[in-house]
Amino acid sequence: MRNLIQLCSDKIGISINHIGNLPETREVSHYLLNIPRFLDTEVGGKYFNAVEGSLSGLLGVPEETRIEQWSGIDFTDDEIEELIGFIEGLDEGFFTGTNREIWKLRLFYRPEEVVAFLISRGVTHELFYN
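Counting of residues starts from 1 at the beginning of each chain's written sequence and follows it residue by residue. With the structure being a predicted model, the display of local features is reserved for residues of pLDDT at least 70 and the display and counting of side-chain atom pairs for 80 or more, all residues being used for whole-chain, interface and lining totals. The side-chain figures draw on all heavy atoms in the structure; neither hydrogens nor water molecules are used.

### Some points on the overall build of the protein
Thought 1: The numbering of helices and of strands both runs from the N terminus, where a helix is a DSSP run of H or I of at least 4 residues and a strand a run of E of at least 2. Helix and strand counts for the protein come out as seven helices and zero strands.
Thought 2: Sequence-ordered secondary structure for the protein, helices as α and strands as β, is α-α-α-α-α-α-α.
Thought 3: The proportion of buried residues among the 130 residues of the protein is 32%.
Thought 4: Any pair of residues with heavy atoms lying within 4.5 Å of one another is described as a contacting pair. Of the contacts made within the protein by residues no fewer than 6 positions apart, 58% connect residues no fewer than 24 positions apart.
Thought 5: Only the protein chains shown count as cover for residues, with accessible areas throughout obtained via the Shrake-Rupley method and a probe of 1.4 Å. Put simply, the protein shows about 8,600 Å² of open surface, and 52% of that area lies on carbon and sulfur atoms. Only protein chains enter the calculation, and the probe is 1.4 Å; a residue is then buried if its accessible area is under 20% of its type maximum, exposed if over 50%, and partly exposed in between.

In structure tokens:
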């Protein structure tokens, strides 16, 4: 995502902002004729929350308010370790102006802030939507 934003700026001279990510949700194909029923499922509810977060970005809702949508995230120890590995695999340039190690440590105390930070930089992971 960050590359797309940079390419738009470099190649065609427009500035775009990342407003959110939608999880890959294969289950939606089973509900194409009944989307309201899909939104009533657990997976559909998470998908709806992601759409709502993106719309908030379009409407200019401050990022602090959007972080609230991720509050209450409770990762297992295995999921934390998976996310730490994911963060370690990100390019060093991704962390320009910040520190990778701090974000890894913050996963244990404020995971919603880590998720919001990653999403704000155009990165997503399936665990964000579980």
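So that's the structure; there's more coming.
### Some words on the confidence of the model for the protein
Thought 1: For the protein, the mean per-residue pLDDT works out to 78, and 82% of the residues sit at or above 70.
Thought 2: Confidence scores per residue from the predictor, reported as pLDDT, run from 0 to 100. Summarising per-element confidence for the protein, the mean pLDDT is lowest in helix H4 (residues 63-67) (56) and highest in helix H5 (residues 77-88) (91).

### Comments concerning a negative patch on the surface
Thought 1: Side chains of Asp-77, Asp-78, Glu-81, Glu-82 and Glu-126 sit close together on the surface and give a patch of like negative charge.
Thought 2: By the secondary structure assignment, Asp-77 is in helix H5.
Thought 3: Take Asp-77: its relative accessible area is 63%, and that puts it in the exposed class. To count toward a patch, a residue needs a relative accessible area above 30% and no salt bridge. Like charges then connect within 9 Å, nonpolar side chains (Val, Leu, Ile, Met, Phe, Trp, Tyr) within 5 Å. We define a salt bridge as a side-chain nitrogen of Lys or Arg found within 4 Å of a carboxyl oxygen belonging to Asp or Glu. The convention is simple: Lys and Arg are positive, Asp and Glu are negative, and His and the chain ends are not counted. A single reference atom marks each charge: NZ on Lys, CZ on Arg, CG on Asp, CD on Glu.

### Side note on a nonpolar patch on the surface
Thought 1: A cluster of nonpolar side chains, namely Leu-32, Leu-33, Ile-35, Leu-39 and Phe-48, defines an oily patch on the protein surface of about 530 Å² accessible area.
Thought 2: Here Leu-39 is to be found in helix H2 (residues 35-39).
Thought 3: A relative accessible area of 31% means that Leu-39 is categorised as partly exposed.

### Side note on the nonpolar core
The tendency in soluble globular proteins is for nonpolar side chains to be buried side by side.
Thought 1: Within the largest apolar cluster, 18 residues are counted, with the highest numbers of intra-cluster contacts made by Phe-94, Phe-95, Leu-107 and Leu-118.
Thought 2: Among the secondary structure elements, those contributing two or more residues to this core are H5 and helix H7 (111-120).
Thought 3: Looking at this core, the element that brings in the most residues is H7, giving five residues. Joining through side-chain atoms within 4.5 Å is the link that ties buried Ala, Val, Leu, Ile, Met, Phe, Trp, Tyr and Cys residues into a set, and such a set is a nonpolar core.

### Description of the side chain of Glu-112
Thought 1: Among the secondary structure elements, Glu-112 is positioned in helix H7.
Thought 2: On the basis of relative accessibility, which here comes to 12%, the residue Glu-112 falls in the buried class.
Thought 3: At 2.9 Å, the side chain of Glu-112 and the side chain of Arg-110 are in polar contact. Any N or O atom pair separated by 3.5 Å or less is treated as a polar contact, with the protein-specific requirement of one donor-capable and one acceptor-capable atom, and with residues adjacent in sequence counted only for side-chain atom pairs.

### Here we look at the pattern of salt bridges
Thought 1: A full pass over the atoms with the stated rule returns six salt bridges.
Thought 2: Of the charged contacts, one joins Lys-104 and Glu-88 as a salt bridge, the two residues approaching to 2.9 Å between their closest N and O atoms. Residue Lys-104 is found in helix H6 (residues 100-106), and its partner Glu-88 is found in helix H5; the two are separated by 16 residues along the sequence.
Thought 3: The class for Lys-104 is buried, based on a relative accessible area of 10%.
Thought 4: The exposure class of Glu-88 is partly exposed, given its relative accessible area of 45%.

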